[in-house]
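Spelled out, the chains give:
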Amino acid sequence: MTEPGPRTVPSRVRADIAHNARVWNYWLGGRDNYSVDRVVGDRVTGLYPSIGEVARADRAFLGRVVRHLAGDAGVGQFLDIGTGLPTVDNTHEVAQHTAPDARVVYVDNDPIVLAHARSLLSSSPEGATEYIDADARDPERILRAAGHTLDLRRPVAVMMLGILNFVLDTGEARGIVTTLMDALPPGSHLVLTHPTLELGGEGNEAAMRFWNENATPPITARSRAEFASFLDGLDLLEPGIVSCSRWGAGASGRTPEVAQFGAVGRKP
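Throughout this document, residue positions are counted from 1 along each chain, in the order its sequence is written. The predicted nature of this model means local features are confined to residues of pLDDT at least 70 and side-chain atom pairs, given and counted, to a pLDDT of 80 or more, with totals for whole chains, interfaces and linings taken over all residues. The basis for the side-chain values is all heavy atoms of the structure; hydrogens and waters are excluded.

S.K.: Lay out the overall build of the protein in plain terms, naming residues and giving numbers.
M.R.: Here a helix means four or more residues in a row that DSSP labels H or I, a strand means two or more in a row labelled E, and each is numbered from the N terminus. A tally of regular secondary structure across the protein gives nine helices and ten strands. Relative to the globule expectation of 18 Å for 268 residues, the C-alpha radius of gyration of the protein, 17 Å, shows essentially globular dimensions. Each residue is placed in one exposure class: buried if its accessible area under a 1.4 Å probe, protein chains only, is under 20% of its type's maximum, exposed if it is over 50%, and partly exposed if it falls in between. Counting the 268 residues in the protein, one finds 53% classified as buried. Contacts are assigned to residue pairs that have any heavy atoms within 4.5 Å of one another. Nonlocal contacts in the protein, meaning residues at least 24 apart in sequence, comprise 74% of its contacts between residues at least 6 apart. Residue exposure ignores everything except the shown protein chains as possible cover, and the areas themselves are Shrake-Rupley values with a 1.4 Å probe. Surface summary for the protein: the accessible area is close to 11,700 Å², and the carbon and sulfur share equals 50%. Asp and Glu count as negative and Lys and Arg as positive, but His and the ends of the chain are not part of the count. One atom stands in for each charge, and that atom is NZ of Lys, CZ of Arg, CG of Asp or CD of Glu. Here the protein holds 26 positive side-chain charges and 33 negative ones, and the gap between their average locations is 2 Å. The size measure is the radius of gyration over C-alpha atoms, and the globule rule it meets is 2.2 Å times the number of residues to the 0.38 power.

S.K.: Would you mind going over helix α8 (residues 204-214) in detail, with residue names and values included?
M.R.: For α8, the full list of buried residues reads N204, A207, M208, F210 and W211. The buried residues of α8 occupy an angular sector of 160° when projected down its axis, which confines them to one face. As for α8, its buried residues are in contact with β1 (18-19), α1 (20-27), α2 (35-47), β6 (189-195) and β7 (215-216). This arc is built from the directions going out from the helix axis to the C-beta atoms.

S.K.: Go over the pattern of salt bridges with me, naming the residues and quoting the values.
M.R.: A pair is scored as a salt bridge if a Lys or Arg side-chain nitrogen falls within 4 Å of a carboxyl oxygen belonging to Asp or Glu. What the rule picks out here adds up to five salt bridges. For D37, the salt bridge is made with R22, and the minimal N-O distance between the two is 2.6 Å. With D37 in helix α2 and R22 in helix α1, this residue pair connects regions lying 15 residues apart in the sequence. Each member of the pair D37 and R22 is classed as buried.

S.K.: Break down the pairing of strand β5 (residues 157-161) for me, with residues and values.
M.R.: Judged by how many residues are buried, β5 sits mostly within the fold: five of five residues are covered. Residues A157, M159 and L161 point to one face of β5 and V158 and M160 to the other, with burial holding for every one of them. Across three bridges, strand β2 (residues 77-81) lies against β5 in parallel orientation. Residue pairing across strands places F78 opposite A157, the latter belonging to β5. DSSP-based pairing: two strands are paired if at least 2 bridges between them are found. Sheet analysis places β5 next to β6, joined by five bridges and oriented parallel. Across the sheet, V158 pairs through a bridge with L190, a residue of β6.

S.K.: With reference to specific residues and values, describe unusual backbone geometry.
M.R.: Excluding glycine, most residues fall at negative phi; most peptide bonds, likewise, are trans. Of the consecutive residues T216 and P217, the connecting peptide bond is found in the cis state with omega at -5°. Summarising the element assignment, P217 is placed in the loop between β7 and α9 (224-229). The residue after E238, namely P239, is reached through a cis peptide bond having omega 10°. As for its position among the elements, P239 is in the loop between β8 (235-236) and β9 (242-243). Phi at L199 takes a positive value of approximately 55°, unusual for a residue other than glycine. Among the secondary structure elements, L199 is positioned in the loop between β6 and α8.

S.K.: Can you lay out the packing of aromatic side chains for me, pointing to particular residues and giving the numbers?
M.R.: Note on aromatic pairs: each is described by the distance of the centres and the angle between the planes. Pairing of aromatic rings covers Phe, Tyr and the six-membered ring of Trp, with a centre-to-centre limit of 6.5 Å; geometry is then stacked below 30 degrees between planes, edge-to-face above 60, and tilted otherwise. Counting across every chain of the model gives four aromatic pairs. Look at F61 and W247: their rings are 5.8 Å apart centre to centre, the planes differ by 75°, and that puts the pair in the edge-to-face class. Placement of F61 in helix α3 (residues 51-70) and of W247 in the loop between β9 and β10 (260-266) is noted, with a sequence separation of 186 residues between them. Neither residue differs from the other here; F61 and W247 are each classed as buried. Geometrically, the ring pair formed by Y106 and Y131 is stacked, given 5.8 Å between the ring centres and 5° between the ring planes. Linking Y106 in strand β3 (residues 103-108) with Y131 in strand β4 (residues 128-133), this pair joins segments that are 25 residues apart in sequence.

S.K.: Kindly report on the environment of T98, identifying the contributing residues and their values.
M.R.: In this structure, T98 sits in helix α4 (residues 91-98). Taking the C-alpha atoms as reference points, T98 and L69, 29 residues apart in sequence, are found 9.4 Å from one another. Among all residues touching T98, those that are not within four sequence positions of it are R67, A70 and G71.

S.K.: Before we move on, could you go through the side chain of S188 and cite the residues and values that matter?
M.R.: Secondary-structure assignment places S188 in the loop between α7 (170-182) and β6. When its relative accessible area of 0% is taken as the criterion, S188 is described as buried. Pairs of N or O atoms are called polar contacts if they sit within 3.5 Å, as long as, within protein, a hydrogen donor faces a hydrogen acceptor (for residues adjacent in sequence, only side-chain-to-side-chain pairs). A distance of 3.1 Å separates a polar atom in the side chain of S188 from the backbone nitrogen of V156. With residues near it in sequence (within four places) discarded, S188 still touches R154, P155, V156, M181, G265, R266 and K267.

S.K.: I'd like to hear about the nonpolar core, residue by residue, with values.
M.R.: Membership of the largest hydrophobic core comes to 85 residues, with the highest contact counts inside it found for F78, L79, I81, V158, M160 and L190. A total of ten residues in this core trace back to one element, the largest contributor, which is α3. Setting aside chain neighbours within four positions, we find F78 in contact with V66, L69, A70, T91, A95, R103, V104, V105, L150, V156, A157 and M159. As used in this record, nonpolar core signifies buried Ala, Val, Leu, Ile, Met, Phe, Trp, Tyr and Cys residues forming a set joined through side-chain atoms within 4.5 Å.

Structure below.
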């Protein structure tokens, strides 16, 4: 029996150090990971037992937000930055189920993510799905490349789920968001999640320290105020900044909190 692992191994991939996309895949129950990812993932879980709940809540948040934006809000274009490894209910699948002509551009600079996305994810006939090899720290390049698939004169939903936490300098992270949103028209949306040591996440501090010593890329938590600064100038959709497990939860709003902020802002 062969060891679970990514189905294709691009030449740039390092299998000797844990990587966020693969560890996240492991926490979500996927098989596209190596033994080093599982070892580190288990150690993080030992230090912070609710990390699997965070991963699942973040994924469920994505589905609720995309359904709302593609449906009620009528947003037909999505720019998903920091895609992660494909799993169930990816952004284009949720969007195109609601609006078959939705157009989605995924952005990542991890070679395994890009290889899997291109081989596993296909668009609806009416819509479009594209993949860009780019770093979140280069928003100008992202916008130039996305413009081949998306009409940047029309509203776009920018998805940045669990990605700004890998930009350690808060000023740089704000600059990335500002560059992206300044380039987009009114009616565009910014969708964010971000880990925090608030919301019962104090135990995550030791887990993040272990991660930064044993895996890549390094990560940081942020406070509610720091997270809110990414949404300056945008109109927050209800219920505002909350645990991502509770955003759009409706009657199930009593769902336990996870230490991951979630919010959606609309450009006025």
